[in-house]
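Listed below, chain by chain, are the residues.
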Amino acid sequence: MTDVRLRDVLDSDLETFLAYEHDPEAVRRSRFTPRPRDAFMTHWRTRVLGNETGLVQTVLVGEDIAGNIVSWWDDDRRFLGYWLGRPYWGRGIGTQALGLFLELEKTRPLHADPFHTNTASVRLLERHGFRRADTLHHGDDGAGDGGGGGDGDEDGYVLLVLGG
């Protein structure tokens, strides 16, 4: 088993997170447009690390930074998000890290919304007990498809919920 640990994020971790966010394959899978460096740093320092209600952790493999896991409030929903660098994909690191994080993050229900074609991320969440609840279209009113079906159209994000 790989030595996976979580710790609080250090400002020095942000350069690694930025590099991971700009990986072309990660961008393709997540359907997330990477931020330019200054915007990334401002976002992390003010909105992520500056959010007193957020839980923000660096994922370590040994002493190496593998990525991050965070949770935050979006209106009345608590969300979870994570980003691992490509060298750490497919090795069980996400599974271990998410398990450790869920021991720290006690809020339920807890939501996650990976892009529907990011099947590895959807499977990871489902292995930890998350269940499909809806399909979201980022930028819409947050109402999803209204049918709770998660039909996976080309722009859909799968809303998964743990507990509640």
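Everything below is about the structure shown above.
Residues numbered from 1 in each chain as written. Predicted model: local features only at pLDDT ≥ 70, side-chain atom pairs only at ≥ 80, totals over all residues. Heavy atoms only, no water.

1. Quick word on the packing of helix α1 (residues 14-21) against helix α3 (residues 37-48)
Next, step 1: Where α1 contacts α3, the axes come no closer than 11 Å and their chain directions differ by 125 degrees. One way to sum up the angle between α1 and α3 is to call them oblique. Classified by chirality, the crossing of α3 by α1 is right-handed. For the pair α1 and α3, contact is made by Leu14, Glu15, Phe17, Leu18 and Glu21 and by Arg37, Phe40, Met41, Trp44 and Arg45, respectively.
Next, step 2: Its residues placed into classes, the contact of α1 with α3 shows 6 nonpolar, no polar and 4 charged. (Axes fitted to C-alpha atoms, helices over the stretch in contact; angles between N-to-C directions. Helix = DSSP H or I, 4+ residues; strand = E, 2+ residues; numbered from the N terminus. Parallel < 35°, antiparallel > 145°, perpendicular 65-115°, else oblique. Left-handed = near helix turned anticlockwise from the far one by under 90°. Contact = heavy atoms within 4.5 Å. Nonpolar A, V, L, I, M, F, W, Y, C, P; charged D, E, K, R; others polar.)

2. Some words on the side chain of Asp23
Next, step 1: In this fold, Asp23 is placed in the loop between α1 and α2 (24-30).
Next, step 2: A distance of 2.9 Å separates the side chain of Asp23 from the side chain of Arg86, its partner in a polar contact.
Next, step 3: Setting aside residues up to four positions removed in sequence, Asp23 forms contacts with Arg86 and Trp89. (Polar contact = N/O pair within 3.5 Å; in protein donor to acceptor, adjacent residues only side chain to side chain.)

3. Here we look at the sheet that holds strand β7 (residues 157-162)
Next, step 1: In space, the 7 strands of this open sheet follow the order β1-β2-β3-β4-β5-β7-β6, with mixed pairing throughout. At either margin of the open sheet sits one strand with a lone partner, and together these are β1 (4-8) and β6 (131-136). Taking the axes of each pair of neighbouring strands and ignoring which way they run, one obtains an average angle of 30 degrees across the sheet.
Next, step 2: In this sheet, β7 lies alongside strand β5 (residues 110-112) in antiparallel orientation, the contact comprising 3 bridges. Within β7, the position partnered with Ala112 by the bridge is Leu160. (Pairing = 2+ DSSP bridges.)

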